[in-house]
Amino acid sequence: MSKQDIRFTEEWKKENEEPKEVPKKEEADALPKAFLASSKNILEKNQINFGKIQMTKRLEPTLNWKATVDFKEHKSLLRDTQEKKHGGRLERSGPPVSPGRAQLVRKSAEKIEEILSDSSSENEEDEEPPDHRQEANADLPSEYWQIQKLVKYLKGGNQTATVIALCSMKDFNLAQETCQLAIRDVGGLEVLINLLDTDEVKCKIGSLKILKEISHNPQIRRNIVDLGGLPIMVNILDSPHKSLKCLAAETIANVAKFRRARRAVRHHGGITKLVALLDCAQSSAEPAQSSLYDARDVEVARCGALALWSCSKSYANKEAIRQAGGIPLLAHLLKTSHENMLIPVVGTLQECASEENYRAAIKAERIIENLVKNLNSENEQLQEQCAMAIYQCAEDKETRDLVRLHGGLKPLASLLNNTDNKERLAAVTGAIWKCSISKENVTKFREYKAIETLVGLLTDQPEEVLVNVVGALGECCQEYENRVLVRKCGGLQPLVNLLVGINQTLLVNVTKAVGACAVEPESMMIIDRLDGVRLLWSLLKNPHPDVKASAAWALCPCIQNAKDAGEMVRCFVGGLELIVNLLKSDNKEVLASVCAAITNIAKDQENLAVITDHGVVPLLSKLANTNNDKLRRHLAEAISRCCMWGRNRVAFGKYKAVAPLVRYLKSNDANVHRATAQALYQLSEDADNCITMHENGVVKLLLGMVGSPDQDLQEAAAGCISNIRRLALATEKGDLGAKGSSR
């Protein structure tokens, strides 16, 4: 180190050792509470003085650089600091809001919907990290002091000195946090952002190169937004200099990792400008030939796609990208062979594909074919993004068919064998899960030996992989051959083991998979031996409605295929009372699944007697006035079964369940017709119920169903009409007999 450097270091240390106007947080924590209370006013005054000093430094002239940060922005910075101290929210320490501020409160409330629309599709970095600065007495490397010296040159030097200082600063390892914070701690961020507002291209390029590197730091990102850096970068996107466009877009890509930054980009027109950067090769005669593209134009488009990828994590930005015409441009870029270009392009598409209108546009632009093609790339990140895009799009049957027709299932199956990259494995298993919803795809996966590989992934994998693996097996096990395959590969034990987890999505998927396997009697024996039925029953206590419903659905095949189902159900202490009480739920899926489970439980007379004592009849009757066809079907089946005990038929009439059931016959669902006709047939064994049915016009509705091709529906409809007719004849004879005796 030179003598000048040593002198500067000593001077800087002396400055840091002088008393500060704002006490450190660590020092404040060490003071007695009484002293803190007494020095509250002094601290507030010091904070005001600190703000003034910062403003003085910020407005210090360096050439013609324009100060972009005003006092309001500084107050915003202070407010954000307070929010961070209180866990991301402002705590009210004063009196309630005065009437004079009511209008402001109303205006703030009007923006709630917009703020909610910016909720991220990923939790990553949406929570802004707490700020921290280097301690004055900490042992800091020499680079820290050297960088701060360069920042002083930036503030006070001429144009040449500024460019030299920027170049010197770029030579440091700016990926190191110490160097990043050194720039910030001495006010270097303000200077760098001010440089962006000059007319000197070299200064802008140097500043953006540094900002691009240090903006990987979450704290620096937040500071850039606080200092108003994003609007300036958005304006640079209009620059005729392609290097500036690239650097600005890349920096925006780094900064837009949290909601406030993404919202700022959109509000300042950044989305439209970024989409315009994608239009790099529209003038080319052969758009598919990437070799014809100008390399600089390709780089501009790549950087634009990179920024859009970061911005696309909020719904409002996704919609803005679509409205700006981003989908055709992304589809066009997807035909290139530049992997560096393809990764952010596919990344943006997969983020946006969570929205239905995007999925429709992706089909219309024939993007699926290119996604499948890039699954065969050697680049792992590109494979991951393509698999994620397929995962998002494969909710639609037509897309699943397109993946199969373009040969996408085989590379997905082969990628299962590479388990080192967990992020890629999660994306691939997710794509296989969604594609497995189609039976034709399941057949192909069985042909490619994917099911055996999936079973092998049930252990020693992170939850995000397990969720997808179990989801895929749940779809595959809807077919008999695959259920046998899972059992023979030893998949039942790890599946049952996963029933004790806490991940909601994983529990929903694993209960579905276990329920699908329980359809096969041999598998059911293994599940019962592994205590799987008890674990399923215990999940009925889970607070999440989706888990409850999935567990109840899984119990249905378990009860159907158990050797001694009645005894098995009774052995669960409090199990029958638990499932009856679930009829009080407000969730339609929970109610439908519980009704289905009760239908199977009620096949055993002893269990039927127990659930009758627990009040199943009034609870089922209370659900009768529903318009949900799925619930109607299973409710009618449960009522039909429960009629077979004691005076339950009479009780259903008493609780007014008969008239609503008649209305079920007007549904368009054939399954509802069959279940309802069977329930009405059972209820028609009671004379009062027959009268209620007749009064509600059941005969006319049932007559049309007597000719149905469904034999069960035929018999139930005919039986119900027969009981009503028999009652009518008996009543008629009784009336005639009464008249004869009176004569």
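The structure reproduced in this document is the subject of the present report. (Residues numbered from 1 in each chain as written. Predicted model: local features only at pLDDT ≥ 70, side-chain atom pairs only at ≥ 80, totals over all residues. Heavy atoms only, no water.)

### Some points on the packing of helix α17 (residues 270–277) against helix α18 (residues 295–311)
How we decide: For helices, the fitted line uses only the C-alpha atoms of the stretch in contact; every axis is such a line through C-alpha atoms, and the angle between N-to-C directions lies from 0 to 180 degrees. Under the DSSP-based scheme used, a helix requires at least four consecutive residues in state H or I and a strand at least two consecutive residues in state E, with every element numbered from the N terminus. Here a crossing is called left-handed whenever its near helix is offset anticlockwise from the far helix by less than a right angle, and right-handed whenever the offset is clockwise. We call two residues contacting when some pair of their heavy atoms lies within 4.5 Å. Charged means Asp, Glu, Lys or Arg here, nonpolar means Ala, Val, Leu, Ile, Met, Phe, Trp, Tyr, Cys or Pro, and polar covers whatever is left, Gly included.
Where α17 contacts α18, the axes come no closer than 7 Å and their chain directions differ by 145°. Handedness of the α17/α18 crossing: left-handed. On α18, the residues touching I271, L274, V275 and L277 of α17 are V300, A301, G304, A307, L308 and C311. Split by residue class, the contact of α17 with α18 holds nine nonpolar, one polar and no charged.

### Details of the nonpolar core
For clarity, the threshold we go by: Here, the term nonpolar core denotes a set of buried Ala, Val, Leu, Ile, Met, Phe, Trp, Tyr and Cys residues that are joined through side-chain atoms within 4.5 Å. Only protein chains enter the accessibility calculation, which uses a 1.4 Å probe. A residue is then buried if its area is under 20% of the maximum for its type, exposed if over 50%, and partly exposed in between.
Membership of the largest hydrophobic core comes to 218 residues, with the highest contact counts inside it found for W537, I611 and L620. Discounting chain neighbours no more than four positions away, the residues touching L620 are L583, C595, L635, A638, I639, C642 and F652.

### A word on unusual backbone geometry
Even without a glycine there, the phi angle at R366 is positive, about 55°. Structurally, the position occupied by R366 is in the loop between α22 (356–364) and α23 (367–374). Judged by relative accessible area, R366 falls into the exposed class, the value being 67%. In this model, D460 sits at a positive phi of 60°, which is unusual for a non-glycine residue. Positionally, D460 belongs in the loop between α29 (450–456) and α30 (463–476). Residue D460 is classed as exposed on the basis of its relative accessible area of 74%.

### Brief notes about helix α11 (residues 188–195)
A large share of α11 lies buried, amounting to eight of its eight residues. Considered for burial, the residues of α11 that qualify are G188, L189, E190, V191, L192, I193, N194 and L195.

### As for the side chain of T198
Heads up, the rule is: Whenever two N or O atoms come within 3.5 Å, that pair is a polar contact, provided that in protein one can donate a hydrogen and the other can accept it, and provided that, for residues adjacent in sequence, both atoms are side-chain atoms.
Relative to the helices and strands, T198 is located in the loop between α11 and α12 (201–214). At a separation of 2.8 Å, a polar atom in the side chain of T198 contacts the main-chain carbonyl oxygen of L195.

### Examining the side chain of S523
Among the secondary structure elements, S523 is positioned in helix α34 (residues 521–529). Taking the relative accessible area as the measure of exposure, S523 reaches 0% and is therefore buried.

### Re the state of the cysteines
Threshold: Whenever a pair of cysteine sulfur atoms sits within 2.5 Å, that pair is classed as a disulfide.
For the structure on display, the rule yields zero disulfides. Counting only cysteine sulfurs, C642 is the nearest neighbor of C595, a cysteine outside any disulfide, at a range of 8.9 Å. We classify C595 as buried; its relative accessible area is 0%.

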